[in-house]
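# Descriptive analysis of the structure
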There are 2 protein chains.
Amino acid sequence: MAPSSKKHRQQLTRSGSRQDRLTAYLREAGLRPTRQRMALAALLFDQGDRHVTAESLYSEALESGVKVSLATVYNALHTFTSKGILREISIDSSRSYFDTNVEEHHHFYFEKSGTLEDIDQSQIRLTRLPKTPGGLKISRVDVVIRVDG
Amino acid sequence: MAPSSKKHRQQLTRSGSRQDRLTAYLREAGLRPTRQRMALAALLFDQGDRHVTAESLYSEALESGVKVSLATVYNALHTFTSKGILREISIDSSRSYFDTNVEEHHHFYFEKSGTLEDIDQSQIRLTRLPKTPGGLKISRVDVVIRVDG
DNA sequence: CAAGCAGTTTAGAATTATTCTAATGTTAGG
DNA sequence: CCTAACATTAGAATAATTCTAAACTGCTTG
Ligand SMILES: [Mn+2]
Ligand SMILES: [Mn+2]
Ligand SMILES: [Zn+2]
Ligand SMILES: [Zn+2]
């Protein structure tokens, strides 16, 4: 790779298909692939399923040398959520978790560490759901198994 | 009732068996039946099952003429929870709900109004719970059905 | 490849829910 | 009554999140 006119670039910025995939992913979601969104999306979507908080993602971004503000992290998390590529989980009233797994699934919550682990939908059988009051539409069913450790 | 040496008392302070029941209830939970706890307990436990937030209970207390501070409401909610006569529910990361129903049960969450409604345990059949990682003990299983209205 | 605008980022201030502090008041037992 | 432990309180402090308004950048159009 020839040295470019810019002083330096982020490590991850060039790499062909990975970048392209992320760009396409953001575009498909109707979002501009800006520098900070790309960097955050790389952290979020280049590993397996993840559960992050705004602070945890912000720390990661800083550690990996991405220049981004906390406000932008909040913006990105909410924007990604509204576009359906993240999902928000309320499990602890002191902070929000965001989940890269947007399929229907459930969670273990480890109370001591404050961490989450996915439970595939097939692992839980929910039968006999009650009918909703007034026949209102169900937007989501969340099962959280809180465990002690 | 002869006028007492104290300037005035709260309206509800005297009333025989209802007071006595609440007093006994707090005592059994290992709590001193103080004026503000009694007043809050009356609001919480004298109606059917309730779901309150600190603010909502505080407003109610003020409206009904109970002199209590917000800090005391938080103290009482947490103390009651630690003694097992309330239970805390995290459904919305912006605030905690406290539930006077401490039996195992589940909830409808009405997203527009931010209100909760109980679902009896018998109304939901949860089969095939996955085994917990490391064989950790389950402390609670919460099912929340989010509905649109 | 400009030019320009909508959309994005940002620092820092503001807001909101909740917790803390330390002083004052109350309960319950002897 | 006296007292010690417990509870309440106002207000300050904290922490997560949102807002503001100005600076910036991606993208479309000429
Ligand atoms: Mn009920
Ligand atoms: Mn908060
Ligand atoms: Zn998940
Ligand atoms: Zn309930």
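Scroll up to find the structure this text is about.
So, a few notes on the structure that sits alongside this text.

All names here are of chain A. Following the criterion strictly, the structure yields 6 aromatic pairs over all chains and no others. With centroids separated by 5.3 Å and ring planes inclined at 70°, the aromatic side chains of Tyr25 and Phe45 adopt a geometry described as edge-to-face. Highlighted residues: Tyr25 in helix 1 (residues 17–28) and Phe45 in helix 2 (residues 35–45), separated in sequence by 20 residues. Measuring from centroid to centroid gives 6.3 Å for Phe108 and Phe110, while their planes differ by 35°, and the two rings are tilted. Accessibility classification places Phe108 together with Phe110 in one group, the buried group. In textbook terms, an aromatic cluster arises when at least three aromatic residues are bridged by ring pairs, as seen for Tyr25, Phe45 and Phe80.

On to the coordination of the zinc ion (ligand 3). Residues and elements named next belong to chain A. The zinc ion (ligand 3) binds to the protein through His51 (NE2), Asp99 (OD), His105 (NE2), His107 (NE2) and Asp118 (OD); the donor distances cover 1.9 to 2.2 Å. Counting residues between consecutive donors of the zinc ion (ligand 3) along the chain gives the motif H-x47-D-x5-H-x1-H-x10-D. Here His105, found in strand 4 (residues 105–110), pairs with Asp118, found in strand 5 (residues 115–120); they are 13 residues apart in sequence, far enough to count as distant.

Mapping chain A onto chain B calls for a rotation angle of 179° and an axial translation of 0.0 Å; the resulting RMSD is 0.1 Å. Overall, the copies show the geometry of a two-fold rotation axis. Taken together, the interface assignments show that 100% of the residues at the interface of chain A recur at the interface of chain B, consistent with an identical surface on both copies.

Looking now at the coordination of the zinc ion (ligand 4). Residues and elements named next belong to chain B. Each protein donor to the zinc ion (ligand 4) is listed here as His51 (NE2), Asp99 (OD), His105 (NE2), His107 (NE2) and Asp118 (OD); together their distances run 1.9 to 2.2 Å. Here the donor residues for the zinc ion (ligand 4) map to a single chain with the spacing H-x47-D-x5-H-x1-H-x10-D. Placement of His107 in strand 4 (residues 105–110) and of Asp118 in strand 5 (residues 115–120) is noted, with a sequence separation of 11 residues between them. By relative accessible area, which is 3% here, His107 ends up buried.

This paragraph deals with the pairing of strand 5 of chain A. All names here are of chain A. Here strand 4 pairs with strand 5 via 6 bridges, running antiparallel. Counterpart to His107 in the pairing with strand 5 is Asp118. Once strand 4 ends, the chain turns through 4 residues before running back antiparallel as strand 5, passing Gly114 with a positive phi of about 70°.

It is worth spelling out the protein's contact with DNA strand C at this point. Contacts to DNA strand C come from 21 residues, most closely from Thr34, Arg37 and Thr72 of chain A together with Arg27 and Tyr74 of chain B. Within 4 Å of the protein, the contacting atoms of DNA strand C are drawn from sugar and phosphate to the extent of 81%. Between a base oxygen of DNA strand C and a side-chain N or O atom of Arg32 of chain B, the distance comes to 3.4 Å. Ser94 of chain B has a polar backbone atom sitting 3.5 Å from a sugar or linking oxygen of DNA strand C. Of all the secondary structure elements, the ones that give two or more residues to the surface near DNA strand C are helix 2 and helix 4 (70–82) of chain A together with helix 4 (70–82) and strand 3 (95–99) of chain B. With 4 residues, helix 4 of chain B is the largest single contributor of residues to the surface near DNA strand C.

What counts, and where the lines are drawn
Residues numbered from 1 in each chain as written. Chains lettered and ligands numbered in written order. Predicted model: local features only at pLDDT ≥ 70, side-chain atom pairs only at ≥ 80, totals over all residues. Heavy atoms only, no water. Phe/Tyr/Trp six-rings, centres within 6.5 Å; stacked < 30°, edge-to-face > 60°. Helix = DSSP H or I, 4+ residues; strand = E, 2+ residues; numbered from the N terminus. Buried < 20%, exposed > 50% of the residue type's maximum accessible area, 1.4 Å probe, protein only. Donors = N, O, S within 2.8 Å, 3.2 Å for Na, K, Ca; no water. Least-squares fit on C-alpha atoms with pLDDT ≥ 70 in both. Contact = heavy atoms within 4.5 Å. Pairing = 2+ DSSP bridges. Near = heavy atom within 4 Å. Polar contact = N/O pair within 3.5 Å; in protein donor to acceptor, adjacent residues only side chain to side chain.

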